[in-house]
Amino acid sequence: MSIFDQILGAAHNHPTVKNMADKLGIDQATAEKAIAALTEGHQASGDTVEVAQQKSGIDANILTQVMEHVGGEGSLASFMQILDQDHDGNPLNDIAGMAGNLFGKR
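In this report, the structure presented in the accompanying data block is examined.

Summing up its helical and strand segments, the protein chain has 7 helices and 0 strands in all. Counting helices and strands in the order they occur from the N terminus, the protein chain gives α-α-α-α-α-α-α. Long-range contacts, defined as pairs at least 24 residues apart, comprise 48% of the intrachain contacts of the protein chain with a sequence gap of at least 6. Counting only carbon and sulfur atoms, one obtains 49% of the accessible surface of the protein chain, whose full area is about 5,700 Å².

For the rest of this paragraph, the subject is the nonpolar core. Within the largest apolar cluster, 17 residues are counted, with the highest numbers of intra-cluster contacts made by M20, A31, L38, L63 and V66. Per-element tally for this core: the top contributor is helix α3 (residues 28-43), with 5 residues. Setting aside residues up to four positions removed in sequence, M20 forms contacts with A31, I35, V66, H69 and V70.

On to the packing of α3 against helix α4 (residues 48-56). At their nearest, the axes of α3 and α4 sit 8 Å apart, and the two run at 130° to each other. When the interaxial angle is binned, α3 and α4 end up oblique. In this structure, α3 crosses over α4, and the sense of that crossing is right-handed. Of the residues in α4, those in contact with K33, A37, L38, E40, G41 and H42 of α3 are T48, V49, V51, A52, K55 and S56.

About the thresholds
Residues numbered from 1 in each chain as written. Predicted model: local features only at pLDDT ≥ 70, side-chain atom pairs only at ≥ 80, totals over all residues. Heavy atoms only, no water. Helix = DSSP H or I, 4+ residues; strand = E, 2+ residues; numbered from the N terminus. Contact = heavy atoms within 4.5 Å. Areas by Shrake-Rupley, 256 points an atom, 1.4 Å probe, with all protein chains shown as cover. Core = buried A, V, L, I, M, F, W, Y, C linked by side-chain atoms within 4.5 Å. Buried < 20%, exposed > 50% of the residue type's maximum accessible area, 1.4 Å probe, protein only. Axes fitted to C-alpha atoms, helices over the stretch in contact; angles between N-to-C directions. Parallel < 35°, antiparallel > 145°, perpendicular 65-115°, else oblique. Left-handed = near helix turned anticlockwise from the far one by under 90°.

Given below as structure tokens:
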């Protein structure tokens with residue numbers, strides 16, 4: 001499972017993402033996909049929004065609005081901390097654990 005898919009799974013039905021989607025007037029699935037694409041884009045080389053747009057197919061204006069809503073590009077890492085359930089500074093292990101639980105690995 002890719003990092004994008006792991007982040008997308010963690011963002012799915014997250015109350016913070018739903019609230020953001022409602023405020024921006026977009027559906028929750030688009031908001032979830034935008035968060036995953038922006039987070040992955042932030043970690044890649046190149047422009048975050050351009051990378052996210054290529055990954056997701058979401059319009060750059062929507063991606064920019066989502067990124068601004070979470071506090072700008074520098075805040076994407078902070079947004080990931082929302083998903084960091086064990087507060088160890090690494091949300092990816094929590095996301096991987098969630099994905100493992102979905103497939104019956106415990």
